Amino acid sequence: MYFTPYFEVNDKVKIKNFSYFTDSSNRQFEAIIGMNVLSKLNILFTPTQNTLDFKSFDFKPQIPSSATILQYKDRISPKVTLKLDNEVIDDILIDTGFDGELSIDEHYIEKLKSNHSCDSMISTIETIFDTLTVKKITFSELYINKRLYKNIHVVQLKNRLLGSKFLKRFDRVFWDSKNLTVYMWNENDEH
């Protein structure tokens, strides 16, 4: 892990006290931008281009009516409620630092497994601080907030997380910090 007191992006965004990781073997750069920074900006994330476009609080792109909408209450700890099939699960943290799709506890996984075909495997995941042995479950189909998703990968953890790989299922993700809302959509969605 590295630390820089000052980081500038395209003469538009200046970030102070920026922590980042790099993997010298394949020259990957992974960054951590905390909610203390993100909560003060609106952000348009384009996973297909791997770009983050930092915007003012007043910016709002044209969002299709079919967009997936997640609302949260705490600006620093964005926790949402998701409906997985008929199971309502509260307090799922949107954690862009979690390099997975979804993490929920065993209780909910067992309920979902009773209604779906799925594959399970034990594997390890690396966090910033540790390596964990976890159970990974792949659901061939799963409804999330009434929208059908295929091949959803769920990690069994006590922490309920919605991670960056779920966000990458979409062409556009707009993090509207001003209105405490995240919008996710694909280019072919109707406006």
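Structure: above.
Residues numbered from 1 in each chain as written. Predicted model: local features only at pLDDT ≥ 70, side-chain atom pairs only at ≥ 80, totals over all residues. Heavy atoms only, no water.

Some thoughts on the environment of Arg-75
Thinking step 1. Topologically, Arg-75 is positioned in the loop between β6 (68-71) and β7 (79-84).
Thinking step 2. With relative accessibility at 30%, the residue Arg-75 sits in the partly exposed group.
Thinking step 3. Between the C-alpha atom of Arg-75 and that of Leu-38, which follows or precedes it by 37 residues, the distance is 9.0 Å.
Thinking step 4. Each residue touching Arg-75, except ones within four places of it in the same chain, is listed here: Met-35, Ser-39, Phe-57, Ser-177, Lys-178 and Leu-180.
Thinking step 5. At a separation of 2.4 Å, a polar atom in the side chain of Arg-75 contacts the main-chain carbonyl oxygen of Ser-177. (Helix = DSSP H or I, 4+ residues; strand = E, 2+ residues; numbered from the N terminus. Buried < 20%, exposed > 50% of the residue type's maximum accessible area, 1.4 Å probe, protein only. Contact = heavy atoms within 4.5 Å. Polar contact = N/O pair within 3.5 Å; in protein donor to acceptor, adjacent residues only side chain to side chain.)

Describing the pairing of β6
Thinking step 1. Every second residue of β6 is oriented toward a common face, the buried set being Thr-68 and Leu-70 and the non-buried set Ile-69 and Gln-71.
Thinking step 2. Sheet analysis places β6 next to strand β15 (residues 181-185), joined by four bridges and oriented antiparallel. Looking at β15, one finds that Ile-69 is bridged to Tyr-183. (Pairing = 2+ DSSP bridges.)

Here we look at helix α2 (residues 106-113)
Thinking step 1. Three or more residues of α2 are buried, namely Tyr-108, Ile-109 and Leu-112. Each buried residue of α2 sits inside an arc of 100° when the element is viewed along its axis, so together they form one side.
Thinking step 2. Those residues of α2 that are buried are in contact with β7, β8 (87-95), β9 (102-104), β11 (131-144) and β12 (147-156). (Arc of directions from axis to C-beta.)

With respect to the side chain of Asn-42
Thinking step 1. On the secondary structure map, Asn-42 appears in strand β4 (residues 42-46).
Thinking step 2. Only 3.0 Å separates the side chain of Asn-42 from the backbone oxygen of Phe-57, close enough to count as a polar contact.
Thinking step 3. When sequence neighbours within four positions are dropped, the list of residues in contact with Asn-42 reads Asp-53, Phe-54, Lys-55, Ser-56, Phe-57, Asp-58, Phe-59, Phe-174, Trp-175, Asp-176, Ser-177 and Lys-178.

Some remarks on the sheet that holds β4
Thinking step 1. Taking strand neighbours across the sheet as the criterion, the five strands line up as β5-β4-β14-β15-β6 in an open arrangement whose pairing is antiparallel. Looking at the sheet topology across the chains shown, the edges are occupied by β5 (51-55) and β6. Strand-to-strand twist across the sheet, computed as the mean angle between neighbouring axes with direction ignored, equals 15°. (Axes fitted to C-alpha atoms, helices over the stretch in contact; angles between N-to-C directions.)

A word on the packing of aromatic side chains
By convention here, two paired aromatic rings are described through the distance between centres and the angle between planes.
Thinking step 1. Considering all chains together, one arrives at six aromatic pairs under this definition.
Thinking step 2. Between the aromatic rings of Tyr-72 and Trp-175, the centroid separation amounts to 5.9 Å while the plane-to-plane angle is 50°, which identifies the pairing as tilted. With Tyr-72 in the loop between β6 and β7 and Trp-175 in strand β14 (residues 172-176), this residue pair connects regions lying 103 residues apart in the sequence.
Thinking step 3. The buried category is assigned to Trp-175, whose relative accessible area is 7%.
Thinking step 4. The interplanar angle of 70° and the centroid separation of 5.6 Å between the aromatic rings of Phe-166 and Phe-170 together place this pair among those described as edge-to-face.
Thinking step 5. Take Phe-166: its relative accessible area is 3%, and that puts it in the buried class.
Thinking step 6. Counting every residue linked through ring pairs, the aromatic cluster contains Phe-59, Phe-174 and Tyr-183. (Phe/Tyr/Trp six-rings, centres within 6.5 Å; stacked < 30°, edge-to-face > 60°.)

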